[in-house]
Amino acid sequence: MFAVFRDLIRYNIEFAIGLVLVGIMVIFASLSFFSPVDPSMIYMAIPDQPPSPQYWFGTNSRGQELFWQLSAAFKNSLIFGVTVAVLSRIISITVGLAAGYLGGWVDRVLMFINDIFVAVPIFPILVLFYFVLRNNMDSFTMALILACFGWPFDARLIRSVALGLKHREFTRHAVFAGMSTRKVLLEEHLPYVMPIVFSTFMNNMLWSIGMEVTLAVLGFTNINNPTIGTVLYWANSHSAMVVGVWWWIVIPVILIVMTFLGLFLLAVSMNEYIDPRSRLRRMGA
Amino acid sequence: MAEDIVKVEGLKAYYQMNYFGVSREVRAVDGITMTVRKGEVYGIAGESSSGKTSFIKVLAAAIRPPLKVVEGSVKFDFKNGPIDVATATPKQIEAVRWKHLSYIMQGSMSVLNPVRRIGRTFHDFAARPMGLTGKAFEDRVIAHLARLKLPPEVLKAYPHELSGGMRQRVTIGLATVCHPEFIIADEPTTALDVVVQKEVLSLIRDIQKEMNAAVVFVTHDMSVHANVADRVGIIYAGRLVEEGPTRDMFFAPKHPYTAHLVASLPRIGDVKQRPALEGRPPNLADPPQGCRFHPRCPLAVDKCRQEVPPLEQVGPDHRTACWRWQDVKPLVNASAPSGVMA
Amino acid sequence: MTTLLDVRDVSKRFTMGGIFGRKTVDAVMDANFSLSAENPEIFTIIGESGSGKTTLARMILGLEDPSEGEILFRGKKVSRHGGRAEKLAFMSQVQPVFQNPFEAFNPLKKIERYLESTARRFLQTSDKAAIDRAMDEALQKVGLSLKEVRGRFPHEMSGGQLQRCAIARALIPNPPLLIADEPVSMVDASLRMSIVNLLKSLRDDLKVSVIYITHDLATAYYISNRLIIMQRGRIVEMGDARTVLDNPQHPYSKLLKASVLSTDDAGDGKLATDPGMVKAAGDLVGQAGELVAKPDGREVRVYG
Ligand SMILES: Nc1ncnc2c1ncn2[C@@H]1O[C@H](COP(=O)(O)OP(=O)(O)OP(=O)(O)O)[C@@H](O)[C@H]1O
Ligand SMILES: Nc1ncnc2c1ncn2[C@@H]1O[C@H](COP(=O)(O)OP(=O)(O)OP(=O)(O)O)[C@@H](O)[C@H]1O
Ligand code: SF4
Ligand SMILES: [Mg+2]
Ligand SMILES: [Mg+2]
């Protein structure tokens, strides 16, 4: 594992840059565990201070230090994005591999469900949930809901690869070697869909964080829980740009771009590394 | 004797790879010198992964990384002027591709795009080199297909709707529609039944005669070479080990490997136990010293383990790379069933 | 005499295309033959490309259900459906060998993985030593050993070695029947012979019956006891391999034999096939006819 990292850093510039960017963001986010102030409290500092040695990222109109505010927001948003991505990856791998390999009625049923999830518009559903749950709508519940909607496209993609793998001779060979379906799927087929899983992981995080931002900006989430979305919500509701508190918008946006760029570079380079073709060549085939 | 259409000199082409720190070099073509004459069929044989396809890729100017020409030249003498494809620019290669030099790749399915109708594929490949468009182009293609005994409807079909034999004929059609001077075919008949195989082979032969083209034909099936090639070259572990007129190669091979290949062919009416070659093909990333065949060669002596035998002239048109070529005897007389001497 | 495998009036029809323009393909029509349990034999299937050989093999392996007729293995019906235990029991009796040795092993996994799984599953043991012993024994049967194979990836072996590993794996449960679908079409002549000789010794020494599917008439003549010749889904000739190949009687069988390339006149470029023969064989496509027994024991399809 360590050797893999060393090789990737040494031979892949994208990976190195991505690692640095994501590393910075993760450290920044984890600083919130040592935050001297509670990020949900307001008027703990002088409002509307521009970035200065005392307040690195300045303060907002609600009297919060933006540095600690954003640190907590990124921590929550990153955890949220990862949760959604992991959960929905699990669903899409299971559904995609099973549908592709088993075929027949299993495939038809799964793809029918899949199509329903594709067809149902997610946004109204989330708003509906918000109205039903109100303040019980914490970010884990929201992650669960998003995970339930974040898998169908990727499951289809995985299914199409699995369909091809099903007809490869080594699959039949594995079956006649007495391997169970689970073993065939997890050990024979999974390595071939990992590149898809990785690249969609990143897309999925992007999508889920974006979704959260949209909902938050419109006020359909618990606005007292600091996230990237709620930071922007408050900035917007205080007309930050208009009144000249530009750092309230610009700094979060820079950080978001850094995060996504980093994740993107990581996904691309990891992808190349775990792609079976490139793996085979390293092994010397 | 006809003039040469291509002269290959000291060609070395390696797969050079560097994957995250693991660097490897597979010497798939390691010093091949040969020529192909105008209007002949040159057969290339050799076992799996001996470098046949790699050599052919260089000949066909389809050199893509990780394959790299390390040394040597491949000089063609086309009607529109000479060209060295080992060093030519993509633009120069573009100018001869299909019109002068065409390539039937291993596995017909990999040439035909599965989601494109055959007609579209023809258009993509051949319309520009032929300089025809629309109806004129279509008429030419249909006339050409008719010669291959294919109905015009195949142009509207998708590849998977055709049988294996038909697909193979379509790829031959693609490679010959522009009347190239030089045609390269890589295993065009493997996995076809013998009836279709023969049909496809005689087709290639007929077209070649009609257009007086030179053909390089690759397959591991020696009985195919016996029937289509004028000369045969044997590749072993990236090197040409013997080359000669087809008849001599079958009846008087001068290399132990060729003798073995020829003798291992079973035939109907013969139930004698056939010898199989022991050992395994050498690893091209780390080939044996000296003669590369020595670990498996029944005639090997100490000299073979140290010194590389040169490809030397042993008869008219016949060259071999073996220190002990004088001692090579045809193992079993493959051509003569007991008592019937040709 | 008990029968090992009984193929009874088996037909298979595929439907292709969507709701519009549905097309049916009769891949196999009325196939009938049986193998006996006492006399192991190499039973060869030869035929044109697309004549249904692979489809027939898949049905015998229980990967595809016949549209009509039934296949009995030791008196029990072979079916795609059924419980896992039942399937495993069947697989321990009938094992396949695949066409392309390079495709038959997952390139990302070690070769021994397949052997080990087979031993664990079919010998029902999880004792490491017993599994290793079973693997080694099977590999010895094909002229390899566990020491040579252990820890290797498929790309570190030659095609012939891989094909032998595949056969060794199939032999672990001691199956009475192997189904080999074009096991030699992708390998060159010398490897081809080593695998064909291996199949022969499996029959002679280990008493394994083999259904051998091939395009190569010469190896079929060399090793098989009986053979069937298929054209467009129908068996057109069936009987003792040497009797049939020495003197084929059905027009398609004749054409097949005449099309085998010989090395007798190497270099003369003789490739012409008698057009009369091609026509005689082609005209029979699509006609039902019926198989009629001949005095020399073979059956030939006759028409009208
Ligand atoms: N793209 C590639 N990258 C790295 N190595 C390669 C590549 N293609 C082929 N090789 C290696 O080059 C060697 C020669 O392969 P090549 O395909 O030329 O053999 P061949 O004689 O055509 O075999 P076959 O009869 O199986 O087609 C082999 O050892 C193979 O593993
Ligand atoms: N899953 C399928 N769906 C539809 N048609 C099929 C399917 N499998 C096979 N066929 C058709 O059935 C026929 C017989 O195919 P099969 O693969 O059994 O031929 P084969 O004798 O093994 O040929 P080859 O010698 O080329 O391997 C062909 O026409 C083929 O197109
Ligand atoms: S040089 Fe030696 S090892 Fe090589 S083929 Fe000749 S006798 Fe055999
Ligand atoms: Mg090749
Ligand atoms: Mg088949």
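For the structure itself, consult the block above.
Residues numbered from 1 in each chain as written. Chains lettered and ligands numbered in written order. Predicted model: local features only at pLDDT ≥ 70, side-chain atom pairs only at ≥ 80, totals over all residues. Heavy atoms only, no water.

### Brief notes about the interface of chain A and chain C
And step 1. Each partner contributes to the interface: chain A provides 22 residues, whereas chain C provides 29 residues.
And step 2. A combined buried area of about 2400 Å² lies between chain A and chain C, and 58% of that area is made up of carbon and sulfur atoms.
And step 3. For the pair chain A and chain C, the interface holds three salt bridges.
And step 4. Between E188 of chain A and R113 of chain C there is a salt bridge, with the nearest N and O atoms lying 2.5 Å from each other.
And step 5. Summed over the shared surface of chain A and chain C, the number is 17 residue pairs in polar contact (both at pLDDT 80 or more).
And step 6. For the side of chain A that touches chain C, the element with the most residues is helix α8 (residues 169–176) of chain A, which contributes seven residues.
And step 7. Looking at side-chain class alone, the side of chain A that touches chain C contains twelve nonpolar, four polar and six charged residues. (Contact = heavy atoms within 4.5 Å. Buried area = accessible area lost by both parts, 1.4 Å probe. Salt bridge = Lys/Arg side-chain N within 4 Å of Asp/Glu carboxyl O. Polar contact = N/O pair within 3.5 Å; in protein donor to acceptor, adjacent residues only side chain to side chain. Helix = DSSP H or I, 4+ residues; strand = E, 2+ residues; numbered from the N terminus. Nonpolar A, V, L, I, M, F, W, Y, C, P; charged D, E, K, R; others polar.)

### Digging into the site of ligand 2
All names here are of chain C.
And step 1. Residues in close proximity to ligand 2 total 14 residues, the closest being G50, G52, K53, T54 and T55.
And step 2. Within the side chain of T55, an N or O atom sits 2.5 Å from an oxygen atom of ligand 2.
And step 3. In this structure, an oxygen atom belonging to ligand 2 sits 3.1 Å away from a side-chain N or O atom of H215.
And step 4. In isolation ligand 2 exposes 630 Å². Once the protein is present, 63% of that is buried.
And step 5. Every element with two or more residues in the shell around ligand 2 is listed here: β1 (3–16), β2 (23–36) and α1 (53–60).
And step 6. Of the residues forming the shell around ligand 2, the biggest block, three residues, is contributed by α1. (Near = heavy atom within 4 Å. Areas by Shrake-Rupley, 256 points an atom, 1.4 Å probe, with all protein chains shown as cover.)

### Quick word on the sheet that holds strand β8 (residues 209–214) of chain C
Within a sheet, each strand pairs with its neighbour through backbone hydrogen bonds, oriented either parallel or antiparallel.
Residue and element names in this part refer to chain C.
And step 1. If you trace the eight strands from one edge of the open sheet to the other, you get β6-β7-β8-β3-β9-β10-β12-β11, paired in mixed fashion. Each end of this open sheet is capped by a strand with a single partner; those strands are β6 (94–97) and β11 (290–293). With direction set aside, neighbouring strand axes in the sheet form an average angle of 20°.
And step 2. Pairing between strand β3 (residues 42–47) and strand β9 (residues 226–231): five bridges, direction parallel. Paired with I46 across the bridge in β9 is I229.
And step 3. In this fold helix α10 (residues 251–259) packs onto β3, β9 and β10 (234–240), with an angle of close to 100° to the strand it touches most, β9. (Pairing = 2+ DSSP bridges. Axes fitted to C-alpha atoms, helices over the stretch in contact; angles between N-to-C directions.)

### Quick notes on the packing of helix α3 (residues 66–102) of chain A against helix α6 (residues 139–149) of chain A
Residue and element names in this part refer to chain A.
And step 1. Following both chains from N to C, one finds α3 and α6 inclined at 35°, their axes separated by 8 Å at the closest point. For the element pair α3 and α6, the recorded crossing hand is right-handed. Of the residues in α6, those in contact with F80, T83, V84, L87, S88 and I91 of α3 are S139, F140, M142, A143, L144, L146 and A147.
And step 2. Residues that form the contact of α3 with α6 fall into these classes: ten nonpolar, three polar and no charged. (Left-handed = near helix turned anticlockwise from the far one by under 90°.)

### Quick word on the packing of aromatic side chains
And step 1. This model, assessed by the stated rule, comprises 23 aromatic pairs over all chains.
And step 2. On the numbers, 5.8 Å between centres and 90° between planes, the contact of F73 of chain C with F90 of chain C is edge-to-face. In this pair, F73 of chain C is assigned in strand β4 (residues 68–73) and F90 of chain C in helix α2 (residues 84–91), connecting sequence segments 17 residues apart. In this structure, F73 of chain C and F90 of chain C share a single accessibility class: buried.
And step 3. Counting every residue linked through ring pairs, the aromatic cluster contains F28, W56, F57, F67, W68 and F74 of chain A.
And step 4. The ring of W323 of chain B has K303 of chain B lying over it, and the distance from NZ or CZ to the ring centre is 3.9 Å. (Phe/Tyr/Trp six-rings, centres within 6.5 Å; stacked < 30°, edge-to-face > 60°. Buried < 20%, exposed > 50% of the residue type's maximum accessible area, 1.4 Å probe, protein only. Lys NZ or Arg CZ within 6 Å of the ring centre and 35° of its normal.)

### Description of a positive patch on the surface
And step 1. Together, R80, R84, K87 and R121 of chain C line one region of the surface with positive charge.
And step 2. Within the secondary structure, R84 of chain C is located in helix α2. (Patch = residues over 30% accessible without salt bridge, like charges linked within 9 Å, V, L, I, M, F, W, Y side chains within 5 Å. Lys, Arg positive; Asp, Glu negative; His and termini not counted. Charge placed at Lys NZ, Arg CZ, Asp CG, Glu CD.)

### Considering the pairing of strand β6 (residues 101–104) of chain B
Residue and element names in this part refer to chain B.
And step 1. Of the two faces of β6, the one holding L101 and Y103 and the one holding S102 and I104 are both buried throughout.
And step 2. Here β6 runs beside strand β7 (residues 182–186); their pairing, made up of four bridges, is parallel. Each bridged residue has a counterpart across the sheet, and for I104 the counterpart in β7 is A185.

### Considering a nonpolar patch on the surface
All names here are of chain A.
And step 1. Together, M241, V242, V243, W246, V250 and I254 make up an exposed nonpolar region whose accessible area comes to about 600 Å².
And step 2. Tracing the sequence through the fold places W246 in the loop between α10 (228–237) and α11 (247–274).
And step 3. When its relative accessible area of 42% is taken as the criterion, W246 is described as partly exposed.

### A few points about the site of ligand 1
Residues and elements named next belong to chain B.
And step 1. Neighbouring residues of ligand 1: 16 residues in total, closest S48, S49, K52, T53 and S54.
And step 2. Here K52 contributes a backbone N or O atom positioned 2.8 Å from an oxygen atom of ligand 1.
And step 3. At 2.4 Å, a side-chain N or O of S54 approaches an oxygen atom of ligand 1.
And step 4. Starting from 640 Å² of accessible surface for ligand 1 in isolation, the protein chains cover 75%.

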